[in-house]
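Chain by chain, the residues run as shown.
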Amino acid sequence: MKTTIRTTLASALLLLAAPATFAAEAPSRTECIAPAKPGGGFDLTCKLLQVSLQDTQQIKTPMRVTYMPGGVGAVAYNAIVAQRPAEAGTVVAFSGGSLLNLSQGKFGRYSVEDVKWLAAVGTDYGMVAVRSDSPYKNLTELLAAMKSDPNKVVIGAGASIGSQDWMKTALLARDAGIDPRKMRYVAFEGGGEPVTALLGNHIQVVSGDISEMVPHIQAGKLRVLAVMSDKRLPGVLADVPTAKEQGVDIVWPVIRGFYLGPKVTDAEYQWWEDAFKKMVQTDEFKHQRDLRGLFEFNMFGKELDSYVKQQVIDYREKAKSFGLAK
């Protein structure tokens, strides 16, 4: 009788432990969707993952990067939820801009609850930049020119009115006593196009993220007037002043990360979470992150899910202050 009880207990314990022994294997095919045209922050985020997964041997065959522009992530979000919800090998890049648009209902009928938030791998910061030969040498001079004649200064960015790039310049304008509705703002698709327009002298200012500007700063083509970080950033960005030190108390971090489709299994999700946790600890990943001008911000699984949902609430409040959300 005792032997039977022991055998039964042992079998029960094995059954309880079983789920942990059947973890999903690495997907045979991996893909990162960048929800914009090549050259912007989403592209940067996917390329970081593509290189790092290979360098750290988390996957054996190269990850594919595909581009799905539209609505700062809206098209990709709808495609993953409605058409490709169970693709275990497909991750989609997101940023703070995606969450801001979600907060305003710009992703159609889908909400923050409709995907599986997976991992954050870095943070970026908002900035405003001009051509290296621009007459504006600092943020104070730019805002003075905008206040004097809002039509004189054309600002370009990679998304529409209400986006985070618009929001950053609107906050700067409002702080300087300028009606944001009077700003001359040109919306492009993705972070690469406004930089091209700026270098071609079609616009006078670009609002974007600092990581996108690093190659242009190093090439001497752009002057960043202000970065929206709490303090100056290290390395090649050490000479870029913050908005705060120029008297404008605005900080705008830009989280960069990934989500999965809503029908990806828990085991498949767990494989990705484990892979990310291993990857971000490696020197190879840290080197690639630094090359792209991103700063450390590692968050995964349930913790990231809670963070993202709180961010959406906070962004909704900011949007309401400009009459952009209910």
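Criteria and cut-off values
- Residues numbered from 1 in each chain as written.
- Predicted model: local features only at pLDDT ≥ 70, side-chain atom pairs only at ≥ 80, totals over all residues.
- Heavy atoms only, no water.
- Helix = DSSP H or I, 4+ residues; strand = E, 2+ residues; numbered from the N terminus.
- Rg over C-alpha atoms; globule rule 2.2 N^0.38 Å.
- Buried < 20%, exposed > 50% of the residue type's maximum accessible area, 1.4 Å probe, protein only.
- Contact = heavy atoms within 4.5 Å.
- Areas by Shrake-Rupley, 256 points an atom, 1.4 Å probe, with all protein chains shown as cover.
- Lys, Arg positive; Asp, Glu negative; His and termini not counted.
- Charge placed at Lys NZ, Arg CZ, Asp CG, Glu CD.
- Axes fitted to C-alpha atoms, helices over the stretch in contact; angles between N-to-C directions.
- Parallel < 35°, antiparallel > 145°, perpendicular 65-115°, else oblique.
- Nonpolar A, V, L, I, M, F, W, Y, C, P; charged D, E, K, R; others polar.
- Phe/Tyr/Trp six-rings, centres within 6.5 Å; stacked < 30°, edge-to-face > 60°.
- Lys NZ or Arg CZ within 6 Å of the ring centre and 35° of its normal.
- Pairing = 2+ DSSP bridges.
- Right-handed = clockwise from strand over helix to strand, strands pointing away.
- Arc of directions from axis to C-beta.
- Polar contact = N/O pair within 3.5 Å; in protein donor to acceptor, adjacent residues only side chain to side chain.

*Asks:* Got a sec to walk through the overall build of the protein chain? Specific residues and values, please.
*Replies:* A count of helices and strands for the protein chain gives eleven helices and ten strands. Against the compact-globule benchmark of 20 Å for 326 residues, the protein chain has a radius of gyration of 22 Å, which places it among compact chains. With the principal axes as the frame, the protein chain shows a C-alpha extent of 90 × 40 × 35 Å. Residue burial in the protein chain is summarised as follows: out of 326 residues, 54% are buried. Considering only residue pairs separated by 6 or more positions, the protein chain has 78% of its internal contacts joining residues 24 or more positions apart. Of the roughly 15000 Å² of accessible surface on the protein chain, a fraction of 54% belongs to carbon and sulfur atoms. Positive and negative side-chain charges in the protein chain, numbering 38 and 34 respectively, have mean positions lying 3 Å apart.

*Asks:* Would you mind going over the packing of helix 2 (residues 41-55) against helix 9 (residues 266-279) in detail, with residue names and values included?
*Replies:* Between helix 2 and helix 9, the shortest axis-to-axis distance is 11 Å and the interhelical angle comes to 80°. Compared by their axis directions, helix 2 and helix 9 come out roughly perpendicular. The segment helix 2 lies against helix 9, with Leu49, Ser52 and Leu53 engaging Trp272, Phe276 and Met279. Here the contact of helix 2 with helix 9 is composed, by residue class, of five nonpolar, one polar and no charged.

*Asks:* Let's hear about the packing of aromatic side chains: which residues, and what values?
*Replies:* For the coordinates displayed, the defined rule picks out twelve aromatic pairs. For the ring pair Trp272 and Phe276, a centre distance of 6.1 Å and an interplane angle of 35° mean the geometry is tilted. Taken together, the residues Trp272 and Phe276, both in helix 9 and four residues apart, mark about one turn of the helix. Three or more aromatic residues joined by ring pairs form one cluster here, namely Tyr77, Phe94, Phe107, Trp117 and Tyr259. The ring of Phe322 carries the charged tip of Arg174 above its face, separated from the ring centre by 4.1 Å.

*Asks:* Can you break down unusual backbone geometry residue by residue, with the values?
*Replies:* Among all residues save glycine, negative phi is the norm, and among peptide bonds the norm is trans. Despite not being glycine, Gln57 shows a phi value in the positive range, around 60°. Counting through the fold element by element, Gln57 comes out in the loop between helix 2 and strand 2 (64-67). Phi is positive for Asn201, which is not a glycine, with a value near 65°. With relative accessibility at 49%, the residue Asn201 sits in the partly exposed group.

*Asks:* Requested: an account of the pairing of strand 1 (residues 31-34), with residues and values cited.
*Replies:* Residues Glu31 and Ile33 line one face of strand 1 and the alternating positions Cys32 and Ala34 line the opposite face, and both faces are buried. Pairing of strand 1 with strand 2, which is carried by four bridges, proceeds in the parallel orientation. Of the residues in strand 2, the one forming a bridge with Ile33 is Thr66. The parallel pair strand 1 and strand 2, bridged by helix 2, forms a crossover whose chirality is right-handed. Bridge count between strand 1 and strand 3 (residues 90-95): three bridges; the pairing is parallel. Residue pairing in the sheet places Ile33 in a bridge with Val92 of strand 3.

*Asks:* Summarise helix 5 (residues 139-148); cite the residues concerned and give the values.
*Replies:* Those residues of helix 5 that fall on the buried side of the exposure criterion are Leu139, Leu142, Leu143, Ala145 and Met146. The buried residues of helix 5 occupy an angular sector of 155° when the element is viewed end-on, so they sit on one face. Residues of helix 5 that are exposed and point more than 90 degrees away from the buried face comprise Lys147 and Ser148. Turning to helix 5, the residues buried within the fold contact strand 4 (116-131), strand 5 (154-157), helix 6 (164-175), strand 7 (205-209) and strand 8 (222-227). In this structure Asn138 caps helix 5, since a side-chain oxygen of it lies 3.2 Å from the backbone nitrogen of Thr140.

*Asks:* A description of the pairing of strand 4 should follow, citing residues and the corresponding values.
*Replies:* Within strand 4, 15 of the 16 residues are buried, which leaves the element mostly enclosed by the surrounding structure. Summarising the sheet, strand 4 and strand 9 (residues 253-260) pair through eight bridges and their orientation is antiparallel. Within strand 9, the position partnered with Lys116 by the bridge is Leu260. Pairing of strand 4 with strand 10 (residues 299-300) involves two bridges; the strand directions are antiparallel. In the strand pairing of strand 10, Ala119 is matched with Phe300. Relative to strand 7, strand 4 is paired through four bridges, and the arrangement is antiparallel. Within strand 7, the position partnered with Val128 by the bridge is Ser207.

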